[in-house]
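Fold and geometry: a report
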Amino acid sequence: MFTPKDIISELRAQPFEPFQIKLSDGSILNVRHPDQAMVVRGHVIVGLPPEASENGGSFESATKVSILHITELRPLGRRPRTRRP
């Protein structure tokens, strides 16, 4: 199981490496910039970029997911990191 500190650690890594958040329902959220996600009391809010451009500075919408539903943090270009309960 992941903790808020695990997510914050990924977001504050220097240099930042884009990563994916895999959820218990199988969906995946891409985090390409540290300002794209925010940890708030047991949840992560991830900004979703417009479909046409994932490199824009503004987000089309956001989704709030419970940290309890995060099953993997998958750095883009490397092997996945998983937590066991």
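All chains use their own residue numbering, which begins from 1 and follows the written sequence. Confidence filtering applies because this is a predicted model: local features only for residues at pLDDT of at least 70, side-chain atom pairs given and counted only at 80 or more, and all residues used for totals across whole chains, interfaces and linings. Just so you know, side-chain values use all the structure's heavy atoms and leave hydrogens and water out.

1. Re the pattern of salt bridges
Short version of the rule: What counts as a salt bridge is simple: a side-chain nitrogen of Lys or Arg found within 4 Å of a carboxyl oxygen of Asp or Glu. Note on classification: 1.4 Å probe, protein chains only; a residue is buried when its accessible area is under 20% of the maximum for its type, exposed when over 50%, partly exposed between these limits.
Applying the stated rule across the entire model yields one salt bridge. Note that arginine 74 is salt-bridged to glutamate 72, the shortest N-O span being 3.1 Å. A relative accessible area of 13% places glutamate 72 in the buried class.

2. Thoughts on unusual backbone geometry
Worth spelling out the cut-off: In this description a helix means any DSSP run of H or I spanning at least four residues, a strand means any run of E spanning at least two, and both kinds are numbered starting from the N terminus.
Note the cis peptide between glutamine 14 and proline 15, where omega equals -5°. If you trace the backbone, proline 15 turns up in the loop between helix 1 (4-12) and strand 1 (19-23). Its identity as a non-glycine residue notwithstanding, arginine 41 has a phi of 25°, on the positive side. By secondary structure assignment, the location of arginine 41 is in the loop between strand 3 (37-40) and strand 4 (43-48).

3. Remarks on helix 1
Inclusion rule: Here the arc refers to the set of directions running from the helix axis out to each C-beta atom.
Buried within helix 1 we find Asp6, Ile7, Glu10 and Leu11. Seen end-on, helix 1 carries its buried residues on one side only, within an arc spanning 135°. Among the exposed residues of helix 1, those oriented more than 90 degrees off its buried face are Lys5 and Arg12.

4. Focus on the environment of leucine 23
Formally: Every residue pair with non-hydrogen atoms within 4.5 Å of one another is taken to be in contact.
Structurally, leucine 23 can be placed in strand 1. Measuring from C-alpha to C-alpha, the distance between leucine 23 and isoleucine 67 comes to 8.9 Å, with 44 residues separating the pair along the chain. Non-local contacts of leucine 23, meaning those with residues more than four positions away in its chain, are made with Leu29, Val65, His69, Ile70 and Thr71.

5. So, the environment of histidine 69
As for its placement among the helices and strands, histidine 69 is situated in the loop between strand 5 (61-66) and strand 6 (70-75). Considered as a pair, histidine 69 and aspartate 25 are 44 residues apart in the sequence and their alpha carbons are 8.0 Å apart. Leave out the neighbours within four places in its chain, and histidine 69 touches Lys22, Leu23 and Ser24.

6. What about the side chain of glutamine 36?
Put simply, the test is: Pairs of N or O atoms are called polar contacts if they sit within 3.5 Å, as long as, within protein, a hydrogen donor faces a hydrogen acceptor (for residues adjacent in sequence, only side-chain-to-side-chain pairs).
Its place among the elements puts glutamine 36 in the loop between strand 2 (28-31) and strand 3. Taking relative accessible area as the criterion, glutamine 36 reaches 7% and is therefore assigned buried. At 2.8 Å, the side chain of glutamine 36 and the backbone nitrogen of arginine 32 are in polar contact. Excluding anything up to four places from it in sequence, glutamine 36 contacts Asn30, Val31, Ile45, Val46, Gly47, Pro49 and Phe59.

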